[in-house]
Amino acid sequence: MPHLAQFDTPRGPARIDTDLPVGPPVSLLVLGHGAGGSVDAPDLLALRDTACAAGVLVARMTQPYRVAGRRAPAPAPHLDEAWTAVLTVLRNRHPDVPLLVGGRSSGARVACRTARTVGAVGVVALAFPLHPPGRPERSRADELATGLPTLVVNGDRDPFGVPTAGGPVEVVVRRGERHDLRQDPSGVAGAVLAWLRARRWAR
């Protein structure tokens, strides 16, 4: 069972679900949720289970607006501020392992925008929303340009688009998947685990 905790942030209380790994932790992976979703999305739960079994300490953060019961997301600066506040606490609690950040959709964007600020060594972006549906000219590709090793896992039928690999950004495209990545969550988690193991961030 995950350990639940509430953290005060400048934008209100956030919730953290922490799952301990099997054996000593190799790394810390902090995950955020989609705009109107939760940290119990199928891909996030599959990644949690797979990563924990491979020695990764996994923390899933619920943003203050969702803790307060709202579905409409807070403005990006507010999301980033709350995330950074929580990551500072988690980093201080686990200073001896590499910090990885990530999430799905909106949570992936927050992780990318703040990755360097919080001292992350890598980013895991599930269903990264490259652009609003039908608006490819409004690309968010610049958010992926953190300079850090980054894994993007998107479905080939995602109406938000699929980023292009380049530099430290690797892209795994899942056939038949849409934005929710619900068809094969374990396959999504397996792709992430292979990437983590290649960098010795998982057993």
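First things first, this report covers the structure right here in the doc.

Rules and cut-offs
Residues numbered from 1 in each chain as written. Predicted model: local features only at pLDDT ≥ 70, side-chain atom pairs only at ≥ 80, totals over all residues. Heavy atoms only, no water. Helix = DSSP H or I, 4+ residues; strand = E, 2+ residues; numbered from the N terminus. Expected span 1.5 Å × (residues − 1). Buried < 20%, exposed > 50% of the residue type's maximum accessible area, 1.4 Å probe, protein only. Contact = heavy atoms within 4.5 Å. Polar contact = N/O pair within 3.5 Å; in protein donor to acceptor, adjacent residues only side chain to side chain. Pairing = 2+ DSSP bridges. Axes fitted to C-alpha atoms, helices over the stretch in contact; angles between N-to-C directions. Bend = angle between axes of the 7 residues up to and from the residue. Core = buried A, V, L, I, M, F, W, Y, C linked by side-chain atoms within 4.5 Å. 1 Å grid on protein atoms, 1.4 Å probe; cavity = no way out; pocket = protein on both sides within 12 Å on 5 of 7 lines; lining within 4 Å. Points joined across faces, edges and corners; volume = space filled by probe spheres on them. Parallel < 35°, antiparallel > 145°, perpendicular 65-115°, else oblique. Left-handed = near helix turned anticlockwise from the far one by under 90°. Nonpolar A, V, L, I, M, F, W, Y, C, P; charged D, E, K, R; others polar.

### Here's the deal with helix α1 (residues 42-53)
Residue pairs three or four apart in sequence face the same way in an α-helix, which turns once every 3.6 residues.
At step 1: For α1, spanning twelve residues, the distance from its first C-alpha to its last is 17 Å, which sits close to the expected 16 Å at 1.5 Å a residue.
At step 2: Among all positions of α1, only Asp43, Leu44, Ala46, Leu47, Arg48, Ala51 and Cys52 are buried.
At step 3: As for α1, its buried residues are in contact with β2 (12-19), β3 (27-32), β4 (56-62), β5 (99-104), β6 (122-126) and α5 (185-198).
At step 4: Directly beyond the C-terminal end of α1, a positive phi value near 90° is found at glycine 55.

### Side note on the environment of arginine 11
At step 1: Following the sequence through the fold, arginine 11 ends up in the loop between β1 (3-9) and β2.
At step 2: Once the C-alpha coordinates of arginine 11 and alanine 82 are considered, the two residues, 71 residues apart in sequence, prove to be 5.9 Å apart.
At step 3: In this view, arginine 11 contacts Pro64, His78, Glu81 and Ala82; residues no more than four positions away in its chain are not counted.
At step 4: One polar contact links arginine 11 to glutamate 81, side chain to side chain, over a distance of 2.8 Å.

### Some thoughts on the sheet that holds β1
At step 1: Taken in spatial order, the eight strands line up as β1-β2-β4-β3-β5-β6-β7-β8 in an open sheet, and their pairing is mixed. Sheet topology places β1 and β8 (169-174) at the edges, where each strand pairs with a single neighbour. For this sheet, the mean angle separating the axes of adjacent strands, direction not counted, is 20°.
At step 2: Bridge count for β1 against β2 is seven bridges, and the pairing is antiparallel. Bridged to leucine 4 within β2 is aspartate 17.
At step 3: Strands in contact with helix α3 (residues 76-93) are β1, β2, β3, β4 and β5; relative to β1, the strand with the most contacts, it is inclined by about 125°.

### Some words on helix α4 (residues 106-118)
At step 1: Look at α4: 17 Å from first C-alpha to last across 13 residues, which is about the 18 Å you get at 1.5 Å a residue.
At step 2: Its axis deflected by about 35° at cysteine 112, α4 carries its strongest bend there.
At step 3: Listing the buried residues of α4 in full gives Ser106, Gly107, Ala108, Val110, Ala111, Cys112, Thr114, Ala115 and Val118.

### Quick look at the nonpolar core
At step 1: In this structure, Val30, Trp83, Leu99 and Val101 are the most contacted members of the largest nonpolar core, which totals 32 residues.
At step 2: Looking at this core, the elements with two or more residues in it are β2, β3, β4, α3, β5, α4 and β6.
At step 3: For tryptophan 83, the contacting residues outside a window of four places in its chain are Val30, Leu31, Gly32, Met61, Gln63, Val101, Gly102, Val110, Ala111 and Thr114.
At step 4: Formed by 26 residues, the second largest nonpolar core is a distinct cluster that contains Leu44, Leu151, Ala189 and Trp195.

### Re the layout of surface pockets
At step 1: Of the volumes computed, that of the largest pocket is approximately 150 Å³.
At step 2: Lining the largest pocket are 13 residues, and of these Ala35, Leu79, Ser106, Arg109 and Arg140 sit closest to its centre.
At step 3: Put simply, the parts of the chain that give the lining of the largest pocket at least two residues each are α3 and α4.
At step 4: Looking at which element gives the most residues to the lining of the largest pocket, the answer is α4, with four residues.

### Examining unusual backbone geometry
Peptide bonds are trans in most cases, and residues, glycine excluded, mostly fall at negative phi.
At step 1: For alanine 127, which is not a glycine, the phi torsion comes out positive at approximately 55°.
At step 2: Locating alanine 127 in the fold gives a position in the loop between β6 and β7 (150-155).
At step 3: In this structure, arginine 200 takes a positive phi of about 60° despite not being glycine.
At step 4: Looking at the secondary structure, you find arginine 200 in the segment after α5.

### Examining the packing of α1 against α5
At step 1: Axis separation between α1 and α5 bottoms out at 8 Å; the angle between their running directions is 50°. Relative to α5, α1 is oriented oblique. Regarding α1 and α5, the two cross each other, and that crossing is right-handed. Residues Pro42, Asp43, Ala46, Leu47 and Thr50 of α1 form the contact with α5, whose participating residues are Pro185, Ser186, Val188, Ala189, Val192 and Leu193.
At step 2: Classifying every residue of the contact of α1 with α5 gives eight nonpolar, two polar and one charged.

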